[in-house]
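# Coordinate analysis (summary)
Below are the chains, spelled out letter by letter.
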Amino acid sequence: MANRSRQQERIKRHVRIRKRVRGTADRPRLCVYKSLRHVYAQIIDDEAGATLVTASTLDKALIEKMSGSNRVSAEAVGALLAERAAEKGVKRVVFDRGGYPYHGVVAALADACRKGGLEF
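Residues numbered from 1 in each chain as written. Predicted model: local features only at pLDDT ≥ 70, side-chain atom pairs only at ≥ 80, totals over all residues. Heavy atoms only, no water.

## Brief notes about the overall build of the chain
Within the chain, the regular secondary structure consists of four helices and four strands. Secondary structure elements of the chain, listed N to C terminal, follow the sequence α-β-β-β-α-α-β-α. Relative to its length of 120 residues, the chain is compact, with a C-alpha radius of gyration of 14 Å against a globular reference of 14 Å. The principal-axis extents of the C-alpha atoms in the chain amount to approximately 45 × 35 × 20 Å. For the chain, with 120 residues in total, the buried portion stands at 41%. Put simply, of all contacts in the chain between residues at least 6 apart along the chain, 59% involve residues at least 24 apart. Distance between charge centres in the chain, computed from 24 positive and 13 negative side chains, equals 8 Å. (Helix = DSSP H or I, 4+ residues; strand = E, 2+ residues; numbered from the N terminus. Rg over C-alpha atoms; globule rule 2.2 N^0.38 Å. Buried < 20%, exposed > 50% of the residue type's maximum accessible area, 1.4 Å probe, protein only. Contact = heavy atoms within 4.5 Å. Lys, Arg positive; Asp, Glu negative; His and termini not counted. Charge placed at Lys NZ, Arg CZ, Asp CG, Glu CD.)

What follows is the structure, encoded as structure tokens:
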């Protein structure tokens with residue numbers, strides 16, 4: 001790890017995770033990405049190559065209320081994603097943490113999705 005950046009290490013972990021995690025029509029993949037300013041989440045059917053549902057801190061419903069990539073914003077994104085998934089009929093997903101540790105923002109988003117009715 002001496003010559004690799006944190007981002008390169010995260011991408012390496014993400015590739016390793018993606019070898020095992022695959023979204024299907026019955027159980028699509030919930031993918032998380034976070035930057036320093038925003039949190040993004042998508043529900044993806046990898047077989048069809050289609051994004052079914054998306055939510056982020058840039059959505060019109062959240063952009064005025066939330067700021068930054070923090071736990072409060074992640075909880076709001078998770079709740080919005082779960083609500084939109086319910087409208088599309090998605091109940092069960094596989095969780096793709098994107099190479100990030102399951103901690104802080106990522107854990108808050110996952111917990112909010114579970115509270116909203118998504119099953120992992």
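Okay, back to it.
## Details of the packing of aromatic side chains
A full pass over the atoms with the stated rule returns four aromatic pairs. A connected cluster of aromatic rings, assembled from ring pairs, spans Tyr-33, Tyr-40 and Tyr-100. (Phe/Tyr/Trp six-rings, centres within 6.5 Å; stacked < 30°, edge-to-face > 60°.)

## Here's the deal with the pattern of salt bridges
Throughout the structure, instances matching the rule amount to seven salt bridges. Notably, a salt bridge pairs Arg-4 with Glu-9, separated by 3.3 Å at the nearest N-O pair. Using a relative accessible area of 43% as the deciding quantity, one classes Arg-4 as partly exposed. Linking Asp-59 and Arg-84 is a salt bridge whose minimum nitrogen-to-oxygen distance equals 3.1 Å. (Salt bridge = Lys/Arg side-chain N within 4 Å of Asp/Glu carboxyl O.)

## Some details on the packing of helix 3 (residues 71-88) against helix 4 (residues 105-115)
Here helix 3 crosses helix 4 at 35°, and the two axes come no closer than 7 Å. Between helix 3 and helix 4 the crossing geometry is right-handed. Contact residues: Arg-71, Ala-74, Glu-75, Val-77, Gly-78, Ala-79, Leu-81 and Ala-82 in helix 3; Val-105, Ala-108, Leu-109, Ala-112 and Cys-113 in helix 4. Of the residues belonging to the contact of helix 3 with helix 4, the class tally is 10 nonpolar, one polar and two charged. (Axes fitted to C-alpha atoms, helices over the stretch in contact; angles between N-to-C directions. Left-handed = near helix turned anticlockwise from the far one by under 90°. Nonpolar A, V, L, I, M, F, W, Y, C, P; charged D, E, K, R; others polar.)

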